[in-house]
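Working through the structure, step by step
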Amino acid sequence: MREILICEHCGERYPAGSLCACRREEILAGLREAKPRYLWPDGELPEKEEAGVHPVVAGILRKRGIRDNLREFLEAPVNRMLEEKLMNQQEAADRIRRAVETGEKVTIYGDYDADGVTSTALGINILSALGGRVDGYINDRFGEGFGIGVGGVREIHGRGTGLIVTADNGIAGHEAIREALRLGMDVVVTDHHEPNGELPPVIVVDPKQPGCGYSNKDLVGAGVLFKVLRQVCRDLGREKLPLKELDLVALGTVADVAPLLGENRVLVKNGLKLMNWEKMRPGIRALRDVAGLDKVKSYHLGFVFGPMINAEGRMFGSPETALELLTTQDAGRATACARTLWEHNRKRQELLETQYALAETLLEPDKEIYFLADPRFHEGIVGLIAGRLRENYQRPAIVLGRGEAGTFKGSGRSVPGLNMKELLDKMSALLAGYGGHAQACGLTVRQDNLVMLKNFVETEVRNRMKGKEMCREVAVEARLPWESLTMGLAEALEEMEPFGTGFSRPRFLVEDFLADRVAYSRDGRHTRLEKDRISCWRFGAHLESPGPYRLVGVPDINEFQGRRMVQFRIDDCLEEELC
């Protein structure tokens, strides 16, 4: 029996070898409040335009390693999409084209997250437009779990389907694919996840499969299926048809947190154009309206639209409303679907707040990874809890809730320098199932293996991260004189969209800032510093003084009711010695 100690500071009792309440909170508070490591600019940005590109933007692009064709990089025209083919792309396209031409029934078998839903909708929309007989099937998150399953295959067979095309899954669906083949159906796998050993004995299109030389390894599920169906359309003389679906590819790409460089940048940039086009699809217009947006940016795909598409599957298992939203041509149905998803997402947000508070009570703050398993965690939001723990404490996290038949099921989120998929590969013998990539994973473990898995994970991460400081790094692009904060600069920075993973929005240092006026939001949680009719917002902080400050932040454009104003969004107010 462990010895019980009493803390001389807070008076709480705690077992020897653990932490008392006050020390525990002290460590957590220190991690929450830790300043990021700022990477300060070296050298000055150019003062002259380069090939019609604003000097500040040109300097930033060059610092990021983009040195040629700057204007083309910014515009990211459709013809910059890669023309090379994925391994087995033509073979997959031939099989799908044959189904369309002969009237064979095709079912798109998708995943329940935003990438899977957009992939499924994309497949339905394109094949329907080609005159094909097509429908979709998406697993119930709670009843069937991730990926193509035996139950789903049997239901699809009962519909008269001859060809299953997986979307954002299938690379590890060996049992279900064997069942499909036994029932006389063909399967084409389109996926982007890492394979776990042997590949299924069918046509597989996945940039991460062994032997695939496709240069963009960061395509998400929607991107992979788009490339295959684009080939189908080309072979049928309908080359422009799939371009109408780039809004769905963009949504799936950003929601799945893929790097926004190279081909992914082209896909997302052109998808955003469709979302801001007068003739946008009814589902996107409905999402914009319910969210009150005048213009859609990449931020909204990741933090507004993506969560709404995900919410139904997270809360209730099956994203039927989300799929209808992205396939319907009826504006009234689209509006009803968007309102339903908005309400689902509101409930999801409330549940997340409650369950994240529970997670914080279970943390062992001195660990290098936070491994939490508790039957009270809702299976649909364990990944969100893990992600928030990672962001707030700069620690990798695995969060598990109760699964089926004596198992725990959950998700993990990682930090730079720790490959979550490799970590799970090493302990696969303890897992009932798993999958993912470097920064995120899903896993299922039998309850009797839970303690052993936790110990293994904590030991392995401690060894792998030994000597590595786990903290957030923030690159500051340049020192920005206040007088250069103009609409011209803000518009030039907007040209750099889309921003996201691998291509962050530029941050700047504004020195010797002294506000003309200090104001606050109605609830007092946010501060607005005004200078020369420009608002500088510090969200989540109450600043008393007008300065002087050294500000790290982002200039952008606030668009509201047709008015466009420059503003500066403050990330941090720095003390003199930090610079």
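Helix and strand counts for the protein come out as 18 helices and 21 strands. Dimensions along the principal axes, computed over C-alpha positions, put the protein at roughly 75 × 75 × 45 Å. Residues counted as buried form 54% of the 579 residues belonging to the protein. Within the protein, contacts between residues separated by at least 24 positions form 64% of all contacts whose residues are at least 6 apart in sequence. If you sum the accessible surface of the protein, you get close to 26,000 Å²; carbon and sulfur atoms cover 48% of it. Charged side chains of the protein number 79 positive and 87 negative; the gap between the two group centres comes to 1 Å.

Taken as a whole and judged by the stated rule, the model has 47 salt bridges. Taking the shortest distance from any N to any O, the salt bridge between Lys421 and Asp425 comes out at 3.0 Å. You can see Lys421 and its partner Asp425 sitting in helix α16 (residues 420-426), four residues apart, about one turn around the helix. Given a relative accessible area of 6%, Lys421 falls into the buried group. The class for Asp425 is partly exposed, based on a relative accessible area of 32%. Here the salt bridges share partners, and the residues they tie into one network are Glu83, Arg230, Arg234 and Glu239.

Another point: the sheet that holds strand β4 (residues 105-110). Hydrogen bonds between backbone groups are what pair the strands of a sheet, and the pairing can be parallel or antiparallel. Spatially, β5-β4-β6-β7-β8 is the arrangement adopted by the five strands of the open sheet, whose pairing is parallel. Each end of this open sheet is capped by a strand with a single partner; those strands are β5 (133-138) and β8 (203-205). Going across the sheet, the axis of each strand differs from the next one's by a mean of 20°, ignoring polarity. Where β4 and β5 come together, six bridges link them in parallel fashion. Bridge pairing in β5 places Val106 opposite Val134.

Membership of the largest hydrophobic core comes to 70 residues, with the highest contact counts inside it found for Ile108, Leu127, Leu301, Phe305, Ile309 and Leu325. Once residues within four sequence positions are removed from consideration, Ile309 is found in contact with Ala114, Val117, Leu251, Ala322, Leu325, Leu326 and Leu341. Grouped together as the second largest cluster of nonpolar side chains are 37 residues, Ile66, Phe73, Val510 and Ala515 included.

With that settled, the discussion passes to the packing of helix α5 (residues 114-129) against helix α9 (residues 246-255). Where α5 meets α9, the closest approach of the two axes is 8 Å, and the angle between their N-to-C directions is 165°. When the axis of α5 is compared with that of α9, the two are roughly antiparallel. Crossing hand, α5 versus α9: left-handed. On α9, the residues that touch Ala114, Asp115, Thr118, Ala121, Leu122 and Asn125 of α5 are Leu248, Val249, Leu251, Gly252 and Ala255.

Note that Glu353 resides in helix α14 (residues 331-362). C-alpha separation for the pair Glu353 and Ile385, spaced 32 residues apart in sequence, amounts to 9.0 Å. Among the polar contacts listed, one links the side chain of Glu353 to the side chain of Arg388, at a separation of 3.0 Å.

Conventions and cut-offs
- What you see as residue numbers is a count from 1 along each chain, following the sequence as written.
- pLDDT decides what is reported in this predicted model: residues at 70 or higher carry local features, side-chain atom pairs at 80 or more are listed and counted, and totals for whole chains, interfaces and linings draw on all residues regardless.
- As a rule here, side-chain values cover all heavy atoms of the structure and leave hydrogens and water aside.
- Under the scheme used here, helices are H or I runs from DSSP no shorter than 4 residues and strands are E runs no shorter than 2 residues, and both carry numbers assigned from the N terminus.
- Three exposure classes are used, based on accessible area relative to the maximum for each residue type with a 1.4 Å probe and protein chains only: buried under 20%, partly exposed in between, and exposed over 50%.
- Two residues form a contact once any of their heavy atoms are found within 4.5 Å.
- Only the protein chains shown count as cover for residues, and all accessible areas are computed by the Shrake-Rupley method using a 1.4 Å probe.
- In summary, the charge assignment counts Lys and Arg as positive and Asp and Glu as negative, without counting His or the chain termini.
- In this description, the location of a charge corresponds to atom NZ of lysine, CZ of arginine, CG of aspartate or CD of glutamate.
- Within this document, salt bridges are pairs made up of a side-chain nitrogen of Lys or Arg and a carboxyl oxygen of Asp or Glu, the two lying within 4 Å of each other.
- Strand pairing is assigned whenever DSSP identifies at least 2 bridges connecting the two strands.
- Inter-axis angles, ranging from 0 to 180 degrees, are taken between N-to-C directions of lines fitted to C-alpha atoms, where helices are fitted over the stretch in contact.
- By nonpolar core we mean a set of buried residues, namely Ala, Val, Leu, Ile, Met, Phe, Trp, Tyr and Cys, connected to one another through side-chain atoms within 4.5 Å.
- Should an angle lie under 35 degrees it is considered roughly parallel, over 145 roughly antiparallel, and from 65 to 115 roughly perpendicular; all remaining angles are considered oblique.
- In a left-handed crossing the near helix is turned counterclockwise from the far helix by less than a right angle, and in a right-handed crossing that turn is clockwise.
- Two N or O atoms count as a polar contact when they lie within 3.5 Å, although within protein this holds only if one can serve as hydrogen donor and the other as acceptor, and sequence-adjacent residues are included solely when both atoms are side-chain atoms.

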